[in-house]
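# Fold and contact review
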Amino acid sequence: MPPFGRPKKDLKQRSLADAFGISQCSNQLHISENEVYDQVDGDHESDSAELLEEEPTSKRYKRTFKSKWKMRFPWAYAVKDCNGVERIKCSWCVKFKRETPFAKDGSTNLQVSALNIHATSEAHKFSLQFLEGERKQSTLPITKHVELMVDAQKGRIISVIENMYFVAIHDLPLEVYKSICDLNRYKNTPHMPLTDEYSAYTNTTSGKEFLEAAKEVYWRKLKDEIFQSPYYSLLLDESTDRTMVQHLIVYITYLTNEGRGPCATKFIHLLQIKDGTSQSMYDVVISLLADMNLSMTKLVGFGSDGASSMRGIREGLSAKLHRHAPHLLDIHCIAHREALAANDASSYFEELQAIDKFANKIYSWLGKSTKIHGELKELMESFQITRLEVLQIHHIRWLSRGKVMERLVTLMPALLRDWELVEKKMYEMATIFQVQFCIHLLADVLIELNKLNQKFQEDHVDITSIGTTLDITISLLQKRFLRGTFGAGAMHTSSFLSKTQKGTLEFADCTGIVHVHELRFESLPKSQRSGTLDDCIILGKGFVMKVIDSLNARFTDLPIFNAAKFFSPRNYYEDMDDRDSQTRRWLTCLCEKFSGGGLLFVDSIKCMGEMDEFICTIHKSYPKKHMFGAWDLCGGEIEWFERFPCLMQLWQAILVIPASTAVCERGFSKLNRIKNDDRSKLSLKTLDMLMFLSLSAPHALNEVDWDAIYDEWKEMKNRKPLPL
């Protein structure tokens with residue numbers, strides 16, 4: 001059959017293979033040059049412009065490879081394919097099998113500009129690195145050859161290590177790692193692998209190896225720091241995760257800079273325990289201390305949440321540890337104690353328990369439908385109330401109860417108006433005077449206790465301030481509710497009592513309309529008290545007295561905390577005689593605690609001998625400093641250790657005494673963020689590694705020792721030199 005058309009006169013007919021760029025005779029290519037030449041010296045620069053001049057182009061001009069180009073591009077050589085078409089190839093890229101036209105079939109662009117572009121490409125630079133590595137390896141053993149070839153990829157490997165480290169410290173799923181690598185490659189981020197193949201270390205398995213190396217680097221540094229500290233304390237807490245696996249979280253408080261730097265508290269391990277018994281916890285803790293090569297004689301304090309398995313008198317974990325360290329201070333978390341004191345006080349009053357149930361009922365009512373939510377938001381706008389959500393009381397969250405009551409007081413105008421229109425039962429309950437009185441009372445009392453609790457939740461609580469902070473809170477409660485006019489100075493209670501003198505609650509909306517709600521003076525169900533104002537005030541005073549009694553009963557170790565003021569010069573009396581007797585009492589209390597038992601922890605006689613000069617020196621030098629502030633100035637001075645060796649040793653021990661285990665609670669919150677419903681199958685090893693990097697490794701990327709992580713990763717197993 002005749003062809004459909006004739007080829008144009010001056011064009012050569014192309015084959016099908018040539019039309020689709022398929023080389024059928026790649027094995028017949030003729031290589032004109034396959035050797036690497038050295039760069040031309042600067043003497044040839046004068047005529048380089050002449051050499052690199054391109055021939056003028058025209059339709060009849062056929063471009064060819066110029067031999068003079070090899071003076072500048074020694075790696076370039078010409079080949080011809082099976083159709084006789086001339087192409088340029090790069091001997092370096094061909095050797096190292098790079099993904100570029102100069103390494104495959106050859107480039108058909110026979111121009112100097114094309115050679116310039118290739119010379120600056122990532123693939124060509126990579127080939128040059130490998131070539132230089134080979135030159136250095138010529139006289140080295142084979143193991144060193146492999147190491148150098150792996151090191152040639154160091155920049156690219158560190159780039160992907162940085163990506164995986166970022167994923168870990170921000171608690172992202174490990175699967176995100178590959179996507180971040182793809183994003184960086186798309187944005188042409190320098191030193192990223194050129195491909196996304198499995199060998200490019202952008203897969204999750206390789207990423208875990210990077211994290212193992214990072215954890216090992218910073219775990220070693222942390223162990224060395226802790227080992228060099230003269231004393232340390234443990235903070236422990238036990239919990240069950242979402243997959244019902246029991247864990248023991250371990251934090252440690254120690255002194256940095258070989259005992260002369262500031263105090264630090266770090267997460268060290270998440271341990272799996274067989275059960276919640278003290279023996280199982282004791283076994284894993286002793287094993288951990290042995291692995292860290294820490295002596296029990298340096299263990300000063302043990303902080304816990306007060307559970308019986310932790311603080312049992314005979315067989316609790318603290319009792320077992322006390323047999324190894326007779327001087328050990330067993331500290332019940334002060335934040336837990338404060339929360340328990342508030343709960344203890346509420347348990348004596350049925351009316352307050354009914355208020356808790358009513359608050360949670362309001363939360364459930366709002367969750368019934370979006371319509372109710374929408375109506376309440378409109379009413380909030382009409383009363384010019386900032387959009388807020390009703391909160392739920394969580395008994396395991398220390399601050400939730402006070403926040404719920406404070407939120408109810410704020411939303412009460414909108415709630416009463418809404419209930420008046422659509423929820424008669426809720427309205428009847430809310431218009432009982434006793435209910436409103438208790439809500440406003442709890443809001444005021446719990447606000448003060450929340451302030452105390454937040455102070456106690458700091459990572460490093462100054463134990464010398466615990467007694468003072470507690471006394472201030474108790475004094476405020478006594479002044480506002482037990483002396484003089486009830487509620488005077490209490491923001492919510494005083495406002496409520498002044499508004500309800502006529503037996504009504506009145507709120508004006510944004511249009512000026514006043515909404516009046518009649519209050520009924522009757523008792524709550526199951527209440528033994530009438531709903532009169534006088535009976536409500538008696539209830540309020542009884543509740544505040546119970547709160548104060550519970551606080552005093554739960555802080556029986558205040559004498560030790562107060563005695564630590566010996567190292568806080570701002571707590572000294574100005575009068576010399578008063579100051580001398582005061583500091584002597586404090587030091588005697590500390591020496592009795594730390595010099596008892598079979599182990600001579602502190603030499604009390606030498607401490608007493610050093611006391612007068614120490615007190616005089618620190619009082620004159622740093623009169624307004626608290627314990628941590630004074631240590632920052634004295635701890636780094638060798639002179640203080642030479643003049644007062646025993647007192648400085650005692651000071652070091654006092655600094656690491658734990659006061660709160662709130663940091664452990666934050667650690668479990670971190671665990672639940674990492675091991676969520678979508679990642680519930682994380683192994684203990686991976687979970688512990690991710691928590692350590694997120695909690696104890698540096699978060700500022702410019703502070704990370706990337707070279708150390710790379711070296712650790714390289715030594716984990718024999719590495720192959722892979723093209724990236």
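Residues numbered from 1 in each chain as written. Predicted model: local features only at pLDDT ≥ 70, side-chain atom pairs only at ≥ 80, totals over all residues. Heavy atoms only, no water.

With that out of the way, let us pick up the overall build of the protein. In terms of helices and strands, the protein carries 31 helices and 9 strands. Expressed as a percentage of its 724 residues, the buried residues of the protein come to 48%. On the protein, roughly 36,700 Å² of surface is accessible, and the fraction owed to carbon and sulfur atoms is 51%. (Helix = DSSP H or I, 4+ residues; strand = E, 2+ residues; numbered from the N terminus. Buried < 20%, exposed > 50% of the residue type's maximum accessible area, 1.4 Å probe, protein only. Areas by Shrake-Rupley, 256 points an atom, 1.4 Å probe, with all protein chains shown as cover.)

A separate point is the confidence of the model for the protein. Counting all residues, the mean pLDDT for the protein is 84, and 86% of those residues have values of 70 or more. Below pLDDT 50 for its whole length, residues 1–17 participates in 6 contacts with residues either more than four positions away or in separate chains. Here residues 19–59 is a poorly scored stretch, pLDDT under 50, and it has 47 contacts once near neighbours within four places are set aside; other chains count. (pLDDT = per-residue confidence, 0-100. Contact = heavy atoms within 4.5 Å.)

This brings us to the nonpolar core. Residues W419, I466, F566, F614, W651 and I654 are the most contacted members of the largest nonpolar core, which totals 116 residues. I466 has contacts with I334, F456, V461, F555, L558, F561 and A659, leaving out every residue within four places of it along the chain. (Core = buried A, V, L, I, M, F, W, Y, C linked by side-chain atoms within 4.5 Å.)

Take the packing of aromatic side chains next. Under the defined criterion, the tally for this structure stands at 29 aromatic pairs. Between F65 and W69 the ring centres are 5.6 Å apart and the planes differ by 85 degrees, which places this aromatic pair in the edge-to-face class. Note on W69: relative accessible area 4%, which makes it buried. Note that R260 overlies the ring of F641, its terminal NZ or CZ placed 4.8 Å from the centroid. (Phe/Tyr/Trp six-rings, centres within 6.5 Å; stacked < 30°, edge-to-face > 60°. Lys NZ or Arg CZ within 6 Å of the ring centre and 35° of its normal.)

Glancing now at the environment of C510. Of note, C510 is situated in the loop between β8 (504–508) and β9 (514–518). You can call C510 partly exposed: its relative accessible area is 45%. Ignoring anything within four residues of it in the chain, the contact list for C510 reads E381, S382 and Q384.

In space, the 5 strands of this open sheet follow the order β5-β4-β3-β6-β7, with mixed pairing throughout. Only two strands of the sheet have a single neighbouring strand rather than two, namely β5 (263–272) and β7 (329–332). Within this sheet the neighbouring strands show an average axis-to-axis angle of 20 degrees, counted without direction. (Pairing = 2+ DSSP bridges. Axes fitted to C-alpha atoms, helices over the stretch in contact; angles between N-to-C directions.)

Once that is clear, we can look at unusual backbone geometry. Here E258, not a glycine, exhibits a phi torsion of approximately 60 degrees, which is positive. Tracing the chain through its elements places E258 in helix α10 (residues 256–259). With a phi close to 60 degrees, N293 is a non-glycine residue in the positive phi region. For N293, the position within the fold is in the loop between α11 (278–291) and β6 (299–304).

Summarising the element assignment, T583 is placed in helix α24 (residues 576–594). Side-chain polar atoms of T583 contact the backbone oxygen of R579, separated by 2.8 Å. In this structure T583 touches F566, Y572, M611 and I615, once residues within four positions along its chain are discounted. (Polar contact = N/O pair within 3.5 Å; in protein donor to acceptor, adjacent residues only side chain to side chain.)

Turning our eyes to something else, we now look at helix α4 (residues 112–119). Each full turn of the α-helix corresponds to 3.6 residues, which orients residues three or four apart in the same direction. V112, A114, L115 and H118 are the residues of α4 that are buried. Angular distribution of buried residues about the axis of α4 spans 160 degrees; they occupy a single face of the element. (Arc of directions from axis to C-beta.)

Orientation of helix α26 (residues 627–634) relative to helix α28 (residues 645–655), taken along the N-to-C sense of each, is 130 degrees, at an axis distance of 12 Å. With respect to their mutual orientation, α26 and α28 come out oblique. Every pair of crossing elements has a handedness; the one defined by α26 and α28 is left-handed. Between α26, through M627, F628, A630, W631 and C634, and α28, the contact on the second element is made entirely by M648, W651, Q652, I654 and L655. Class assignment for the residues of the contact of α26 with α28 results in 9 nonpolar, 1 polar and no charged. (Parallel < 35°, antiparallel > 145°, perpendicular 65-115°, else oblique. Left-handed = near helix turned anticlockwise from the far one by under 90°. Nonpolar A, V, L, I, M, F, W, Y, C, P; charged D, E, K, R; others polar.)

Moving on to the packing of helix α29 (residues 662–674) against helix α30 (residues 684–696). At their nearest, the axes of α29 and α30 sit 10 Å apart, and the two run at 120 degrees to each other. Relative to α30, the element α29 lies oblique. In this structure, the crossing between α29 and α30 has a hand that is right-handed. On α30, the residues touching G667, K670, L671 and I674 of α29 are L687, L690, M691, S694 and L695. Each residue belonging to the contact of α29 with α30 can be placed in one class, and the counts come to 6 nonpolar, 2 polar and 1 charged.

Attention now moves to the pattern of salt bridges. All chains considered together, the criterion is met by 31 salt bridges. The partner of D81 in a salt bridge is R87, with the nearest N and O atoms 3.3 Å apart. On the basis of relative accessibility, which here comes to 11%, the residue D81 falls in the buried class. A salt bridge links E522 to R520, with the shortest nitrogen-to-oxygen separation between them at 3.3 Å. A cluster of three or more residues bridged by salt bridges with shared partners is formed by K178, D182 and R185. (Salt bridge = Lys/Arg side-chain N within 4 Å of Asp/Glu carboxyl O.)

Okay, the environment of R314 next. Relative to the helices and strands, R314 resides in the loop between α12 (308–311) and α13 (317–322). Those residues in contact with R314, other than ones at most four positions away along the chain, are A319 and R323.

Our next topic: empty space enclosed by the protein. Under the criterion given, the structure shown has 4 cavities of 30 Å³ or more. In this model, the largest cavity occupies a volume close to 160 Å³. D459, H460, I657, P658 and A659 are the residues nearest the centre of the largest cavity, which is lined by 19 residues in total. Where the lining of the largest cavity is concerned, the elements lending two or more residues are β5, α26 and α28. In terms of residue class, the lining of the largest cavity is made up of 13 nonpolar, 4 polar and 2 charged. (1 Å grid on protein atoms, 1.4 Å probe; cavity = no way out; pocket = protein on both sides within 12 Å on 5 of 7 lines; lining within 4 Å. Points joined across faces, edges and corners; volume = space filled by probe spheres on them.)

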